[in-house]
Amino acid sequence: MATAGVAVPKAAAGQDRPELQKAIQEFVDAGYAGVQMRVNDQRGEWVGSAGVRKLGQSAKPPTNGHFRIGSTTKTFTATLVLQLVADGEIGLDTPVADYLPKFKLDRQITVRMLLQHTSGLFNFTGEYYDDGTIVPGIPWAGPEWVDKRFHTYQDEELVRLALSKPAKFAPGTNWSYANTNYVLAKLLIEKVTGHSYATEMKRRILGPLKMRRTVVPGTSPEMPRPYAHAYYRYEDAGQWKTIDVTRQNPSWISAAGEMISTTEDLQTFFSALQGGKLLPAPLLAEMRKPHPKSSGLFGSYGLGLYVQDLGPGCVGTVFNHNGSNNGYGALIYSTPDGKKTMAASITTGDAAVDPAQVFPKALDKLLKEVFCGGKAAG
């Protein structure tokens, strides 16, 4: 195991990079429990960690520990669908209803719309409307989620819940991030292949890339060792509580955010994807086409992938798909050729952190150091 801020043995010489260690330390100083990060670039590979592996102890997070990658799972799911498009098993602009007739979906909803979040389908984890209205879905926060964190949800149950609510907009007319799209993508993969999502993921991506530390957990709450613990802070009856949520049943988010990985495996996947090893060039180009109405903190959304321009004096465009679920956060970024990557995991602790205030600033500083040589990232 490499110690924090020190290169692994295979790394190039000269990998004592205090500016990277400082950038991850900023997350810890802002109240996060721990961070681990891996950077691969022209100087070789750097790995480091900051903070603690477990609250109340001094050991740092393992530099190749397992963590829940949250919505970074969506890039894996989209890649799997696009591989089936490449094989002629699925049509990118074919109505989803042709493959999954039992849901009686609007026939205007295509496979592309699922991957790009333009279907208009209600998000089963709840919707937030421009007028301030909130329509809840399944519990994913607060004491309600804590009480149900080991509950098993069925994919069809999540989809049926979403379909019981009004669509947010007509298919293809707008953009809105909805986990429902990626649960339908999973059901599409299973219907077309006749195999489970996990089986196809292992056969098509994890196996060929030798990603032995990446897990599609399904309903299992377990976390493979080694790992940093993750915590969830919530208010219950006027009292703030913090619990260890390392173990949780991820069926509530399914193929929209269930996977477990490591920084090394995420780097392997993203480098292979951007380097053209997983998809034919025309489909990789489709994946990278951002929707004009999807601009946000991480850039604009393609097909399971964010496209972000870091501006002048930097590397230009990077691709990413960050993720989080209660307790864990994941970052993965790459240049278009896949040769410069950054993969990281962030764990929350018991500090009162306002992610909306803290996270964007710390992320911006990190991106400046990794991709812009310390210069402004936007």
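S.K.: Looking at this structure, I do not really get the side chain of Lys186. What am I missing?
M.R.: Within the secondary structure, Lys186 sits in helix 6 (residues 179-193). For Lys186, a relative accessible area of 12% puts it in the buried group. In this structure, Lys186 is in contact with Asp155, Tyr197, Ser254, Ala255 and Glu258, ignoring residues within four places of it in sequence.

S.K.: Mind showing me how you'd approach the nonpolar core here?
M.R.: A general feature of soluble globular proteins is that nonpolar side chains tend to end up buried together. Counting 109 residues, the largest nonpolar core has Met37, Phe76, Met342 and Phe371 as the members making the most contacts within it. At 8 residues, the largest contribution of residues to this core is made by helix 10 (residues 355-371). Apart from residues no more than four positions distant in its own chain, Met342 is found in contact with Met37, Arg38, Val39, Leu331, Ile332, Tyr333, Leu366, Leu367, Val370 and Phe371.

S.K.: Looking at this structure, how should I read empty space enclosed by the protein?
M.R.: One simple way to see leftover space: roll a probe sized like a water molecule over the atoms. Evaluated as defined, the whole model comprises 1 cavity of 30 Å³ or more. For the largest cavity, the full set of lining residues is Gly34, Gln36, Pro61, His66, Phe67, Ala228, Tyr328, Ser345 and Thr347. Listing elements by their share of the lining of the largest cavity, those giving two or more residues are strand 1 (34-41) and strand 14 (341-347). For the lining of the largest cavity, the residue count by class is 4 nonpolar, 5 polar and no charged.

S.K.: Looking at this structure, how should I read the packing of helix 2 (residues 73-86) against helix 7 (residues 197-206)?
M.R.: When two helices pack together, you describe them by how their axes are tilted relative to each other and by the distance separating the axes. Between helix 2 and helix 7, the shortest axis-to-axis distance is 10 Å and the interhelical angle comes to 80°. Here helix 7 runs roughly perpendicular to helix 2, going by the angle between their axes. Between helix 2 and helix 7, the residues in contact are Thr73, Phe76, Thr77, Thr79, Leu80, Gln83 and Leu84 and Tyr197, Glu200, Met201, Arg204, Ile205 and Leu206, respectively. Here the residues of the contact of helix 2 with helix 7 sort into 7 nonpolar, 4 polar and 2 charged.

Thresholds, definitions, all that
Residues numbered from 1 in each chain as written. Predicted model: local features only at pLDDT ≥ 70, side-chain atom pairs only at ≥ 80, totals over all residues. Heavy atoms only, no water. Helix = DSSP H or I, 4+ residues; strand = E, 2+ residues; numbered from the N terminus. Buried < 20%, exposed > 50% of the residue type's maximum accessible area, 1.4 Å probe, protein only. Contact = heavy atoms within 4.5 Å. Core = buried A, V, L, I, M, F, W, Y, C linked by side-chain atoms within 4.5 Å. 1 Å grid on protein atoms, 1.4 Å probe; cavity = no way out; pocket = protein on both sides within 12 Å on 5 of 7 lines; lining within 4 Å. Points joined across faces, edges and corners; volume = space filled by probe spheres on them. Nonpolar A, V, L, I, M, F, W, Y, C, P; charged D, E, K, R; others polar. Axes fitted to C-alpha atoms, helices over the stretch in contact; angles between N-to-C directions. Parallel < 35°, antiparallel > 145°, perpendicular 65-115°, else oblique.

In short, shape yes, function no, at least from these values alone.
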